[in-house]
Each structure stands twice: as C-alpha cells, then as structure tokens.
Amino acid sequence: LLTARLFAAVVGLFQVGVMGWLAWIFSKKDQKAALLTMLLTSLLPFWYFHHRMFLLDGLLTFWLSLFFGCAYLYTQKLSSPKKLAIAELSKMLQQNTVSILLAGIFFGLALLTKIPAILLLPSIGLLSLYKAKSIPQVFIRAVALGISVAIGVALFLSLKIHPAFGQLFRRGSDFLFTWQEVFIQGQWQQTIQNSPTYVFYFVSYLTLPVMMINLVGLFFKKNQARAHLLFWSGVLFLLPIGLMG
C-alpha cells in the first residue's frame with residue numbers, strides 16, 4: 001500500500017513540473033505563469049484525488065501532457081513550406097526529428113498505461129490548425145503528428161508478442177457502451193440528463209474560480225487563440241468519455 005501510494009505521489013510531483021513546463025511554453029516563457037500553474041496544480045482537489053491513491057489516471061495524464069507539449073512545440077516550428085515537394089517536406093521533418101520521436105514515445109507510453117489515451121487524438125488534431133497560415137502548413141503539421149502517433153501505436157503493438165494481448169480489449173464493455181448502444185439505442189440521452197452532474201464534478205475538482213477563469217479567457221482578445229486551443233482540446237478529449245462512459 002505504501003509503495004503504491006508513494007508511486008502515485010511521485011508521479012503527481014512530476015505532473016506539477018510538467019504543468020509548469022506546459023504553461024511556460026504556451027505563455028512564451030512567462031515564469032510567473034509557470035509558477036502560478038504549478039501552485040494551482042498542487043493545491044486543487046483534482047490533483048489530490050488522483051495522486052493520493054494508486055490510480056493509473058495520473059500516470060496517463062503525465063504521459064499525455066508530455067505528448068501534447070512536444071507536439072505543440074514542433075507543430076509551431078513547422079512553417080508553411082514553399083512548395084509541397086517531398087524534398088522540402090522531408091527537410092522540415094528532419095529538423096524536428098527529436099521532438100517528433102519524443103512525442104511518439106510519450107504517446108506510446110500513454111497507450112501502454114491506459115488505452116483511453118487514444119481519445120486525445122482529436123485534440124492533437126487541433127494543433128495542426130492552430131495559427132496555421134496556409135493549407136500546406138496544416139498538411140506538414142498533420143504529417144508530423146501522424147508520424148508521432150504511428151510511433152506510439154507501434155510501441156503499443158509490441159505487446160502483441162505476449163499471448164495475453166487479446167485480453168486487453170475484453171474489459172471494455174465494463175466501462176464503455178458500444179457506439180450502437182450510444183447512437184442507435186439512445187444512450188446519448190442519458191449523457192444529456194447527466195450533464196449537470198458532470199458540471200458539478202468539474203466545479204468540485206477545479207473549484208468555481210478556476211472554472212470561471214477558463215471560461216472568461218475565451219472572450220479576452222489577448223491570448224484568445226491559445227485559450228480556445230486548450231479549452232476545446234479538453235472538450236474533445238472529454239466528449240467521447242461523456243457519451244460512451
């Protein structure tokens with residue numbers, strides 16, 4: 001019990017650091033933003049819930065946070081290519097090889113921790129559109145993100161050498177409805193009915209002031225694009241959980 005809880009707490013400690021790093025890169029190296037983010041992370045209820053018990057959700061969040069941060073860094077470095085030539089695209093990808101590879105490894109580790117890591121992919125897709133100036137730029141970003149995802153999936157599929165690989169997917173029905181149950185049999189209506197409960201959970205985990213900051217930030221022109229990227233990335237990650245959970 002001590003080992004399990006200590007492991008979860010150590011993961012939480014690293015998560016505080018990763019949150020500071022994410023705030024630092026998204027705020028263009030604003031140290032005050034990073035310190036405030038780390039302080040809030042270590043004080044808000046969501047951190048204590050996931051890191052006082054041996055829950056793998058904290059470790060999953062840790063790997064996904066690193067994946068998201070690395071993906072953000074290299075997508076913002078991929079400028080619009082002069083022309084969609086293989087040589088030009090290859091050169092741009094090679095300049096970001098380390099970041100693309102690290103993002104792939106982090107995504108693979110997230111999948112190895114919990115398969116629901118796959119639900120982050122729609123949010124990652126938003127990074128290809130974030131402040132993009134041309135269709136070629138969106139394309140090169142999507143290619144780079146696809147390479148990272150492919151690396152992560154390949155790392156996960158290495159488990160196929162184990163004879164129990166197929167059993168990984170047998171417990172899904174214990175936690176999730178099938179898409180037929182959601183859209184054909186009408187389980188999505190239950191999600192609508194439970195929406196007030198979901199909102200209550202978020203207010204409890206994040207506190208009302210932090211929830212309001214997230215919402216108010218969507219309407220301020222300063223850093224508005226960044227606020228929308230982070231907010232809708234969260235929505236896209238949570239939507240399938242709310243619908244199918």
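Scroll up a little and you will see the structure.
What counts and what doesn't
- Residues numbered from 1 in each chain as written.
- Predicted model: local features only at pLDDT ≥ 70, side-chain atom pairs only at ≥ 80, totals over all residues.
- Heavy atoms only, no water.
- Helix = DSSP H or I, 4+ residues; strand = E, 2+ residues; numbered from the N terminus.
- Rg over C-alpha atoms; globule rule 2.2 N^0.38 Å.
- Phe/Tyr/Trp six-rings, centres within 6.5 Å; stacked < 30°, edge-to-face > 60°.
- Buried < 20%, exposed > 50% of the residue type's maximum accessible area, 1.4 Å probe, protein only.
- Axes fitted to C-alpha atoms, helices over the stretch in contact; angles between N-to-C directions.
- Parallel < 35°, antiparallel > 145°, perpendicular 65-115°, else oblique.
- Left-handed = near helix turned anticlockwise from the far one by under 90°.
- Contact = heavy atoms within 4.5 Å.
- Nonpolar A, V, L, I, M, F, W, Y, C, P; charged D, E, K, R; others polar.
- Salt bridge = Lys/Arg side-chain N within 4 Å of Asp/Glu carboxyl O.
- Core = buried A, V, L, I, M, F, W, Y, C linked by side-chain atoms within 4.5 Å.

**Student:** So what exactly am I meant to see when it comes to the overall build of the protein chain here?
**Tutor:** When its secondary structure is counted, the protein chain shows 13 helices and 0 strands. Helices and strands in the protein chain line up, N terminus first, as α-α-α-α-α-α-α-α-α-α-α-α-α. In terms of C-alpha radius of gyration, the protein chain reaches 19 Å, essentially the compact-globule figure of 18 Å for 245 residues. Projected onto its principal axes, the C-alpha positions of the protein chain cover 50 × 50 × 45 Å.

**Student:** I keep staring at the packing of aromatic side chains and nothing clicks. Help me out?
**Tutor:** Note on aromatic pairs: each is described by the distance of the centres and the angle between the planes. One pass over the structure, following the stated rule, counts 12 aromatic pairs. Ring geometry for F49 versus Y205: centroids 5.5 Å apart, planes at 55°, classification tilted. In this pair, F49 is assigned in helix 3 (residues 45-51) and Y205 in helix 11 (residues 188-206), connecting sequence segments 156 residues apart. A relative accessible area of 29% places Y205 in the partly exposed class. Between F200 and Y201, the ring centres sit 6.4 Å apart and the planes meet at 50°, which makes this aromatic pair tilted. Taken together through their ring pairs, the aromatic side chains of F14, F62, W63 and F106 make up a single cluster.

**Student:** When you look at the packing of helix 4 (residues 56-77) against helix 6 (residues 97-113) in this model, what are you seeing that I'm missing?
**Tutor:** Two packed helices can be described by the angle between their axes and the distance between those axes. As a packed pair, helix 4 and helix 6 sit with axes 8 Å apart at the nearest point and diverge in direction by 160°. By the angle between their axes, helix 4 is roughly antiparallel relative to helix 6. Note that helix 4 runs across helix 6; the crossing there is left-handed. In contact with L56, L59, L60, W63, L64, L66, F67, C70, A71 and Y74 of helix 4, helix 6 contributes S99, I100, L102, A103, F106, F107, L109, A110 and T113. Here the contact of helix 4 with helix 6 is built from residues that sort into 17 nonpolar, 2 polar and no charged.

**Student:** Looking at this model, I keep getting lost on the pattern of salt bridges. Mind explaining?
**Tutor:** As a working rule, side chains carrying opposite charge can pair if their charged atoms are close by. All told, the structure shown has 1 salt bridge when counted by the stated rule. Residue D57 pairs with K114 through a salt bridge whose shortest N-O separation is 3.4 Å. With D57 in helix 4 and K114 in the loop between helix 6 and helix 7 (121-127), the pair connects residues that are 57 residues apart, well separated along the chain. Relative accessible area serves as the criterion here: at 28%, K114 is assigned to the partly exposed category.

**Student:** Can you walk me through the nonpolar core in this structure?
**Tutor:** One recurring pattern in soluble globular proteins: nonpolar side chains tend to sit buried together. Counting 40 residues, the largest nonpolar core has L64, F67, Y74, I124 and L127 as its most contacted members. With 12 residues, the single largest contributor to this core is helix 4.

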